[in-house]
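For reference, the chains in residue letters:
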Amino acid sequence: MDERLSGLLMAGLVVLQPGQRLPVEGFSQHQESDELAYVVEGSAVFGKEDGEVLIKESDFIFNPKGTKHYVRNPGDKPCKMVWALAPPIKL
């Protein structure tokens, strides 16, 4: 689920199930948008071309525009994250 707020921001909630990876293969990349994510519950791995970092409840991740990235949940519990893209992207 996502929302566009005043044409400047797009935000939503994602729930990564155990074993789930977004995108399924390769990387996501937002050429014109910065991304911010906040882990509400659980943990996940945030990956970029230069490596991975574990993110857990109450962590923020800032992903500058143009950075190739993915997120995956290697755990046994769902991971809930709030994300925001500015400016919004077309889905």
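In case you missed it, the structure is sitting above this.
A brief report on the enclosed structure follows. (Residues numbered from 1 in each chain as written. Predicted model: local features only at pLDDT ≥ 70, side-chain atom pairs only at ≥ 80, totals over all residues. Heavy atoms only, no water.)

### Considerations on the pairing of strand 8 (residues 69–72)
Summarising the sheet, strand 3 (residues 21–22) and strand 8 pair through two bridges and their orientation is antiparallel. Looking across to strand 8, one finds that R21 is bridged to R72. (Pairing = 2+ DSSP bridges. Helix = DSSP H or I, 4+ residues; strand = E, 2+ residues; numbered from the N terminus.)

### Quick look at the nonpolar core
In this structure, L16, A44, I55, C79, M81 and W83 are the most contacted members of the largest nonpolar core, which totals 14 residues. Listing elements by their share of this core, those giving two or more residues are strand 2 (9–16), strand 4 (34–41), strand 5 (43–48) and strand 9 (79–86). For this core, the leading source of residues is strand 9, giving four residues. If we skip the residues at most four places from it in the chain, C79 touches V14, V15, L16, V39, E41, G42, S43, A44 and N73. (Core = buried A, V, L, I, M, F, W, Y, C linked by side-chain atoms within 4.5 Å. Buried < 20%, exposed > 50% of the residue type's maximum accessible area, 1.4 Å probe, protein only. Contact = heavy atoms within 4.5 Å.)

### A short note on the side chain of H69
Inspection of the secondary structure puts H69 in strand 8. A distance of 3.0 Å separates the side chain of H69 from the side chain of E35, its partner in a polar contact. Look past the residues within four positions of H69 in its chain and what remains in contact with it is P23, F27, S28, Q29, H30, E35, F46, G47, K48 and N63. (Polar contact = N/O pair within 3.5 Å; in protein donor to acceptor, adjacent residues only side chain to side chain.)

### Quick look at a nonpolar patch on the surface
Together, L13, V15, V40 and V82 line one region of the surface with nonpolar side chains, adding up to about 270 Å² of accessible area. Checked against the element boundaries, V40 lands in strand 4. Under the relative-accessibility criterion, V40 is labelled partly exposed at 35%. (Patch = residues over 30% accessible without salt bridge, like charges linked within 9 Å, V, L, I, M, F, W, Y side chains within 5 Å. Areas by Shrake-Rupley, 256 points an atom, 1.4 Å probe, with all protein chains shown as cover. Salt bridge = Lys/Arg side-chain N within 4 Å of Asp/Glu carboxyl O.)

### Topic: the packing of aromatic side chains
Across all of its chains, the model carries two aromatic pairs by this definition. Judged by centre distance (5.7 Å) and plane angle (55 degrees), the ring pair of F27 and Y70 falls under tilted. Of the two residues, F27 sits in the loop between strand 3 and strand 4 while Y70 sits in strand 8, which places them 43 residues apart along the sequence. For F27, a relative accessible area of 39% corresponds to the partly exposed category. Residue Y70 is classed as buried on the basis of its relative accessible area of 10%. Residues Y38 and F60 carry aromatic rings whose centres are separated by 4.8 Å and whose planes lie at 45 degrees to one another, so their mutual orientation is tilted. With Y38 in strand 4 and F60 in strand 7 (residues 60–63), the pair connects residues that are 22 residues apart, well separated along the chain. (Phe/Tyr/Trp six-rings, centres within 6.5 Å; stacked < 30°, edge-to-face > 60°.)

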